[in-house]
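Take a look at the letters that make up each chain.
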Amino acid sequence: MPLETLPERVAPSTPQLSARSFERVTTLFREVSGIKLTQAKHALVVTRLAKLAHESGEVDLDRYVESLFTGGLPDEEVTRVIDRLTTNETYFFREPEHFRHFADVLERHPERPWRVWSGASSSGEEIYSLAMLMADRLGLDSHPWGIVGTDLSTAMVGQARRALYSQGRTQGIPPAYLKRYCLKGTGEYEGQLLVDRRLRQRAHFETLNLMQALPAAFGPFDAIWLRNVLIYFEHEAKVAIVRRVISALAPQGLLYTGHSESLANLGLPIRSIAPAVYVRA
Ligand SMILES: C[S@@+](CC[C@H](N)C(=O)[O-])C[C@H]1O[C@@H](n2cnc3c(N)ncnc32)[C@H](O)[C@@H]1O
């Protein structure tokens with residue numbers, strides 16, 4: 001066959017999203033979550049919306065966005081969009097220095113009630129890492145310790161409640177904890193791990209938007225983990241969030257932020273005691 005008659009290889013077409021649709025969706029996302037997605041995230045937004053649009057039976061992204069705003073799609077679709085646009089990366093025992101620090105504090109103050117909150121708990125790995133550490137250091141019998149995990153994303157809260165993780169995602173768990181606190185799945189759960197029921201009973205998950213006022217009678221917490229979420233907010237929103245979060249800290253309560261999320265020089269009522277660890281002043 002002469003070369004010129006060979007069929008051309010057709011690249012799969014990239015879905016298109018107009019500047020107006022991008023603006024509408026990212027404005028909605030920013031209003032709800034407080035997070036600004038800039039033009040640099042255009043491709044990411046397209047990929048994430050394309051999957052949702054496909055699932056709802058629409059191939060044209062601009063038409064999908066239009067239906068989102070004109071009520072052509074069920075209300076839950078907006079929640080799905082918000083869920084999909086959040087960045088949920090997390091893993092067990094992430095930033096391990098924090099866990100070493102907290103282990104130390106628990107050993108020095110086992111008498112405290114140790115109510116802990118993770119304000120951006122994603123799919124639950126941070127919460128269950130804490131639960132393993134607390135079960136190890138405080139026991140699972142008489143000590144009343146408990147953990148609350150909250151996140152904006154309902155999908156992530158659902159995953160966290162299930163506490164079921166693929167084995168490939170559990171490398172960060174120390175072998176002794178794996179043995180003691182995780183159950184290996186068999187049959188249809190082959191390749192997965194379920195966190196032990198005694199730990200699951202100590203952990204509660206709810207949706208909570210950090211951009212909004214905290215629920216009444218929330219806290220006080222002896223430690224709050226607010227890691228790898230502040231980086232996504234603009235300055236004003238970040239300061240307002242941290243102020244609200246600090247108000248839920250018990251006196252002498254600890255605040256852990258991600259190592260790239262400094263709270264220095266913001267005039268907040270906290271004192272730095274270790275890298276990315278603060279105490280309520
Ligand atoms: C990158 S994950 C961090 C997870 C965990 N803290 C860690 O360090 O591994 C960020 C999480 O923040 C959540 N998030 C984003 N905006 C939020 C908001 N306004 N309120 C509550 N959670 C939010 C996202 O849904 C996501 O699960």
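Reading guide: rules and limits
- Residues numbered from 1 in each chain as written.
- Predicted model: local features only at pLDDT ≥ 70, side-chain atom pairs only at ≥ 80, totals over all residues.
- Heavy atoms only, no water.
- Pairing = 2+ DSSP bridges.
- Helix = DSSP H or I, 4+ residues; strand = E, 2+ residues; numbered from the N terminus.
- Axes fitted to C-alpha atoms, helices over the stretch in contact; angles between N-to-C directions.
- Contact = heavy atoms within 4.5 Å.
- Domains from an automatic or database assignment.
- Salt bridge = Lys/Arg side-chain N within 4 Å of Asp/Glu carboxyl O.
- Polar contact = N/O pair within 3.5 Å; in protein donor to acceptor, adjacent residues only side chain to side chain.

Across the sheet, seven strands lie side by side as S6-S2-S1-S7-S8-S10-S9; this open sheet has mixed pairing. Both edges of this open sheet fall to strand S6 (203-207) and strand S9 (270-274), since each of them pairs with a single strand only. Within this sheet the neighbouring strands show an average axis-to-axis angle of 20 degrees, counted without direction. Across the sheet, helix H5 (residues 96-108) lies against strand S1 (115-118), strand S7 (221-226), strand S8 (249-257), S9 and strand S10 (277-280), angled at about 160 degrees from S8, the strand it touches most. With respect to the sheet, helix H6 (residues 125-138) is in contact with S1, strand S2 (146-151), S6 and S7, its orientation differing from that of S2 by roughly 170 degrees.

Partitioning the protein into domains gives domain 1 (7-85) and domain 2 (96-280). Measuring from the centre of the C-alpha atoms in domain 1 to the corresponding centre in domain 2 gives 31 Å. Counting residues at the interface gives nine residues for domain 1 and nine residues for domain 2. For the pair domain 1 and domain 2, the number of links is one salt bridge. When the shortest N-O distance is used, the salt bridge between arginine 30 and glutamate 234 registers 2.7 Å. Summed over the shared surface of domain 1 and domain 2, the result is five residue pairs in polar contact (both at pLDDT 80 or more). Those elements that provide at least two residues to the side of domain 1 that touches domain 2 are helix H1 (19-33) and helix H4 (76-85).

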